[in-house]
Each structure stands twice: as structure tokens, then as C-alpha cells.
Amino acid sequence: NKVKEAQKPAPKPAPAPAKPRAEVYGFLQSQFESTDGQHKSSFLVRRARIGVRGTLDNHFNYAILNSFEDGANGANTSGVIRNAFIEYTGFRQRSSTPVLRFGQFKNAYSLEALEDAAKTPFVERGIAVEKLAVNHDRDMGIGFYTPENSHRPYAYNISLMNGSGRNRPNASGNKLFTARLQLN
């Protein structure tokens, strides 16, 4: 028995805690507009954003993103917090296990709305998405979503939000529930 016990491999040690990490990121999208017949033209800064994202430890991520541009229809959105959230990733045993997100983040009402503005092929989004995004592009709440994985046949995003829009507390007591299922 003593020989058999000595041959057993030692248990694997727990992974060392990840060191906190921060990455500064941002982007600038500019555009040129010209109106036929009125001889008017203008250069614009459509989006100018800077943020910090990173890891707090093995199971917690964070992101804060601020905007420095005029919004749609000339609304001043300079200095507005776009994203400010913490994610818990400790559920992950497999790639299909969800991530829990808490804070202010994008609502999951369409794939186009979820796409990062820095990665879209056009500066402007579709009219329907822009109209919905006036009050509901981001909100404060809690959500579960599956991380991106092109080998999985599905993805989902479920959230319970204040329903008041970006940077606004819930004044009515009502909540906004969003859910999105994507079949790949």
C-alpha cells in the first residue's frame, strides 16, 4: 500500500490569482457632409471615445467608456459615460456558461446595436436602430450573456434594466426586460 500511495501524482495546485490589468482604449470616427444645391459642407467628429477596461482578478472584468462628441440632432453628449460595468466570469466551466454583468451597458435588442461602433463598417447604423437608440442604447441593470464563440450553435443575452436610459436612475419603479437569442 505504501508503494501505491507514493506513486499517486500530487494534486494540481489552484491557479494563481490574476494580477489586476488595465488597458486604455478609444477611437475616433469623423465624417464629411455635403448638401447638394445649398453649397454647404462640413467636417464632423461623429464619435470620439476613450475608456479603460481590464481584469480585477481571475473572475472579474471591468470597463468604463466615456464619449466626447455631440450626439444625434446636435445633443451634447460630451463627457457622458457610455459603459460602466463589472463582469463576473467565475461560472465558466465551459464556453456556453454565461457571464454576469452589472452596471451600465448596451441593451440587447438587436445584433447591430450590440456591435461595437469602432468595428462597424459604416459610421451610421440603420435608421430603426438609431431611433431605438435615442433612449435605449444603454441602460443600468444586470444581465447574463454567453461569450462569443463561433463554434457554438447559439448565443443569448438576457437583461433586466431600469428602463430609463443612459445615466438615469429609475424614477418610475418599472423595469425593462430584454432578451435576445441568436442561432448561428
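Check the entry above for the structure.
Being a predicted model, the structure only gives us computed values, none of them experimental. (Residues numbered from 1 in each chain as written. Predicted model: local features only at pLDDT ≥ 70, side-chain atom pairs only at ≥ 80, totals over all residues. Heavy atoms only, no water.)

**Student:** Just to check I follow, could you spell out the packing of aromatic side chains for this structure?
**Tutor:** Working definition: an aromatic ring pair is given by the centre-to-centre distance plus the angle between the planes. Under the defined criterion, the tally for this structure stands at five aromatic pairs. Where Phe32 meets Phe43, the ring centres are 4.9 Å apart and the plane angle is 50°; that geometry is what we call tilted. Of this pair, Phe32 sits in strand β1 (residues 21–35) while Phe43 sits in strand β2 (residues 40–57); the two residues are 11 residues apart in sequence, bridging distant segments of the chain. Judged by its relative accessible area of 47%, Phe32 is partly exposed. Ring geometry for Phe60 and Tyr88: centres 5.2 Å apart, planes at 55°, overall tilted. Here Tyr88 lies in strand β4 (residues 80–88) and Phe60 lies in strand β3 (residues 60–67), a separation of 28 residues in the sequence. By relative accessible area, Phe60 is classed as partly exposed at 32%. Of the residues examined, Tyr88 reaches a relative accessible area of 25% and is grouped as partly exposed. An aromatic cluster of three or more residues is present, and its members are Phe60, Tyr88 and Phe91. Above the face of the Tyr25 ring, Arg53 is positioned so that its terminal group lies 3.7 Å from the ring centre. We note Arg101 situated over the ring of Phe105; from NZ or CZ to the ring centre the distance is 5.6 Å. (Phe/Tyr/Trp six-rings, centres within 6.5 Å; stacked < 30°, edge-to-face > 60°. Helix = DSSP H or I, 4+ residues; strand = E, 2+ residues; numbered from the N terminus. Buried < 20%, exposed > 50% of the residue type's maximum accessible area, 1.4 Å probe, protein only. Lys NZ or Arg CZ within 6 Å of the ring centre and 35° of its normal.)

**Student:** Just checking my understanding: could you explain the sheet that holds β2 for this structure?
**Tutor:** Two strands in a sheet stick together by hydrogen bonds in their backbones, pointing the same way (parallel) or opposite ways (antiparallel). In spatial order, the strands read β1-β2-β3-β4-β5-β6-β7-β8; together these eight strands make up an open sheet with antiparallel pairing. Of all strands in the sheet, those bounded by a partner on one side alone are β1 and β8 (176–183). When the angles between neighbouring strand axes are averaged without regard to direction, this sheet yields 15°. (Pairing = 2+ DSSP bridges. Axes fitted to C-alpha atoms, helices over the stretch in contact; angles between N-to-C directions.)

So, to be careful, I would describe these as geometric facts and stop short of saying anything about function.
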